[in-house]
Amino acid sequence: MSARGTEAPESPTVVTMAEKRSTRAVGVGRVLIAVYAILALGATARSVVQIATKFDTAPVAYLLSALAGVVYIVATVALLNRGRTWYLVAWITISFELLGVIVVGLLSVVDPALFPADTVWSFFGRGYLFIPLLLPVLGIVWLLRTRSAVEAA
Amino acid sequence: MIEWFTTAQVVVAVAAGLLAVILGLAGRLPNDLVLGAAALVELLLIAQVVVALVAPAVGNAPTGSGLEFWVYLVSAALLPPLAVFWALVERNRWSTVIVGVACLAVAVMLYRMGQIWFVQVA
């Protein structure tokens, strides 16, 4: 595995564990994954509540929220796992998130009537401290940094 | 929800979160201080569960969606144990940061719970 993107080993056992489990769940990448997991939980739970209680008021917005939640879950899993396939899955889901937050963010600013209810991505993730906008960018940086580890695997 | 209790809880969660993030970035492994702070955040969340169960019965009902409130509260209460579990399984500086991030997320969720309970725009 490449030296790039990994921390200086704090203890030998830790590094062995990380290598066994994933090439991406190392160093600061763990924090990224933890934030993904929290956002996945938050977005999915919220959309379940919205769909269960007031689906009729804004079906498109709520379905989009649910889709975003599911994509965050898949991205979290893809970042946790190792290998080429998961690496590709991580790329697809993270790019989808970036596209989603930019497109929906722009649309909600230009024409707020399109999204009568808030989604994770409305106004570039304003309701979530802009984390949805920041996270895919950090995710892509992280994927680029761990790329050589995947090719070696 | 009790307003002063919720405010105090947000302050504690932010303090615990900043403490763990700073110690983690400084390279500390998860120690008793960090895990204890996370335990305190969790303890207050459990107290909040009791408060939220009792409050409606004594005339202090949420002004917003009770379901939404509970989804937030249950999700928030899951975060510190998961982060602490992670810190116990994998002992390095980044798991200290993760405990901090979880506590900060709890603070944000508590703030949102406060809005649901006390403030309704619509």
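Scroll up for the structure.
As a starting point, this report considers the structure included with it. On a predicted model such as this, the values are computed, not experimentally measured, just so you know.

What counts and what doesn't
- Residues numbered from 1 in each chain as written.
- Chains lettered and ligands numbered in written order.
- Predicted model: local features only at pLDDT ≥ 70, side-chain atom pairs only at ≥ 80, totals over all residues.
- Heavy atoms only, no water.
- Helix = DSSP H or I, 4+ residues; strand = E, 2+ residues; numbered from the N terminus.
- Buried < 20%, exposed > 50% of the residue type's maximum accessible area, 1.4 Å probe, protein only.
- Contact = heavy atoms within 4.5 Å.
- Rg over C-alpha atoms; globule rule 2.2 N^0.38 Å.
- Areas by Shrake-Rupley, 256 points an atom, 1.4 Å probe, with all protein chains shown as cover.
- Buried area = accessible area lost by both parts, 1.4 Å probe.
- Salt bridge = Lys/Arg side-chain N within 4 Å of Asp/Glu carboxyl O.
- Polar contact = N/O pair within 3.5 Å; in protein donor to acceptor, adjacent residues only side chain to side chain.
- Core = buried A, V, L, I, M, F, W, Y, C linked by side-chain atoms within 4.5 Å.
- Phe/Tyr/Trp six-rings, centres within 6.5 Å; stacked < 30°, edge-to-face > 60°.
- Lys NZ or Arg CZ within 6 Å of the ring centre and 35° of its normal.
- Axes fitted to C-alpha atoms, helices over the stretch in contact; angles between N-to-C directions.
- Parallel < 35°, antiparallel > 145°, perpendicular 65-115°, else oblique.
- Left-handed = near helix turned anticlockwise from the far one by under 90°.
- Nonpolar A, V, L, I, M, F, W, Y, C, P; charged D, E, K, R; others polar.

**As for the overall build of chain A**
Here is step 1: Looking only at helices and strands, chain A features six helices and zero strands.
Here is step 2: The N-to-C order of helical and strand elements in chain A reads α-α-α-α-α-α.
Here is step 3: Looking at the 153 residues of chain A, the share that counts as buried comes to 46%.
Here is step 4: Across chain A, the fraction of contacts at a sequence separation of at least 24, relative to all contacts at a separation of at least 6, is 66%.

**Things to note about the overall build of chain B**
Here is step 1: Counting secondary structure elements, chain B contains four helices and zero strands.
Here is step 2: Listed N to C, the secondary structure of chain B is α-α-α-α in terms of helices and strands.
Here is step 3: For 122 residues, the compact-globule estimate of 2.2 N^0.38 gives 14 Å, and chain B sits close to it at 15 Å.
Here is step 4: Expressed along its principal axes, the backbone C-alpha trace of chain B runs to roughly 45 × 20 × 20 Å.
Here is step 5: When the 122 residues of chain B are sorted by exposure, 48% land in the buried category.
Here is step 6: Residue pairs at least 24 apart in sequence account for 86% of intrachain contacts in chain B once pairs closer than 6 positions are excluded.
Here is step 7: Split by element, the accessible area of chain B, about 5700 Å² in all, is 76% carbon and sulfur.

**Description of the interface of chain B and chain A**
Here is step 1: At the interface, 19 residues of chain B touch 19 residues of chain A.
Here is step 2: Buried surface at the junction of chain B and chain A, summed over both partners, amounts to about 1800 Å²; 74% is from carbon and sulfur atoms.
Here is step 3: On the chain B side of the contact with chain A, Trp 86, Glu 90 and Trp 94 of chain B bury the most area, a combined 32% of that side's loss.
Here is step 4: Remark: the boundary between chain B and chain A carries one salt bridge.
Here is step 5: Inspection of the chain B/chain A interface yields one residue pair in polar contact (both at pLDDT 80 or more).

**Digging into the nonpolar core**
Here is step 1: Of all hydrophobic cores here, the largest spans 71 residues; its most connected members are Tyr 72 of chain A together with Met 113 of chain B.
Here is step 2: The dominant element in this core, judged by the number of residues it contributes, is helix H4 (residues 93-118) of chain B, at 15 residues.
Here is step 3: Once you skip the residues sitting within four places of it in the chain, Met 113 of chain B turns out to touch Met 1, Phe 69, Tyr 72, Leu 73 and Ala 76 of chain B.

**Here we look at the side chain of Thr 6 of chain B**
Residue and element names in this part refer to chain B.
Here is step 1: Within the element layout of this structure, Thr 6 appears in helix H1 (residues 3-25).
Here is step 2: A distance of 2.8 Å separates a polar side-chain atom of Thr 6 from the backbone oxygen of Ile 2.
Here is step 3: Beyond its immediate sequence surroundings of up to four residues, Thr 6 is in contact with Met 1, Gln 48 and Leu 110.

**Overview of the pattern of salt bridges**
Working definition: two side chains of opposite charge can pair if their charged atoms are close together.
Here is step 1: Throughout the structure, instances matching the rule amount to two salt bridges over all chains.
Here is step 2: In this structure, Arg 30 of chain A engages Glu 90 of chain B in a salt bridge whose closest nitrogen and oxygen atoms are separated by 2.2 Å. Of this pair, Arg 30 of chain A sits in helix H2 (residues 29-54) while Glu 90 of chain B is found in the loop between helix H3 (66-89) and H4, placing the two residues in two different chains. The two residues Arg 30 of chain A and Glu 90 of chain B agree in class, both being buried.
Here is step 3: For the salt bridge of Arg 112 of chain B with Glu 68 of chain B, the shortest nitrogen-to-oxygen distance reads 3.7 Å.

**Quick notes on the packing of aromatic side chains**
Residues and elements named next belong to chain B.
Here is step 1: Under the criterion given, the structure shown has five aromatic pairs over all chains.
Here is step 2: Relative to Phe 5, the ring of Trp 4 lies with its centre 6.1 Å away and its plane at 85°, an arrangement referred to as edge-to-face.
Here is step 3: Judged by centre distance (5.8 Å) and plane angle (90°), the ring pair of Phe 69 and Trp 70 falls under edge-to-face.
Here is step 4: What makes Phe 69 buried here is its relative accessible area of 0%.
Here is step 5: Trp 70 sits in the partly exposed class, given a relative accessible area of 28%.
Here is step 6: Joined through ring pairs, the aromatic side chains of Phe 69, Trp 70 and Trp 117 make up one cluster.
Here is step 7: The aromatic ring of Trp 94 is capped on one face by Arg 93, whose charged end is 5.0 Å from the ring centroid.

**Let's talk about the packing of H1 of chain B against H4 of chain B**
Residue and element names in this part refer to chain B.
Here is step 1: The contact between H1 and H4 brings their axes to 7 Å, and the two run at 160°. Overall, the two elements H1 and H4 adopt an arrangement that is roughly antiparallel. Note that H1 runs across H4; the crossing there is left-handed.
Here is step 2: Split into classes, the residues belonging to the contact of H1 with H4 amount to 20 nonpolar, six polar and two charged.

**Remarks on the packing of H2 of chain A against helix H5 (residues 131-145) of chain A**
Residues and elements named next belong to chain A.
Here is step 1: Where H2 contacts H5, the axes come no closer than 11 Å and their chain directions differ by 145°. Note on packing geometry: the crossing formed by H2 with H5 is left-handed. In this structure, H2 uses Gly 29, Leu 32, Val 35, Tyr 36 and Leu 39 to contact H5, whose residues at the interface are Ile 131, Pro 132, Leu 135, Pro 136, Leu 138, Gly 139 and Trp 142.
Here is step 2: Class assignment for the residues of the contact of H2 with H5 results in ten nonpolar, two polar and no charged.

Take it as geometry only, folks, not as evidence of what the structure does.
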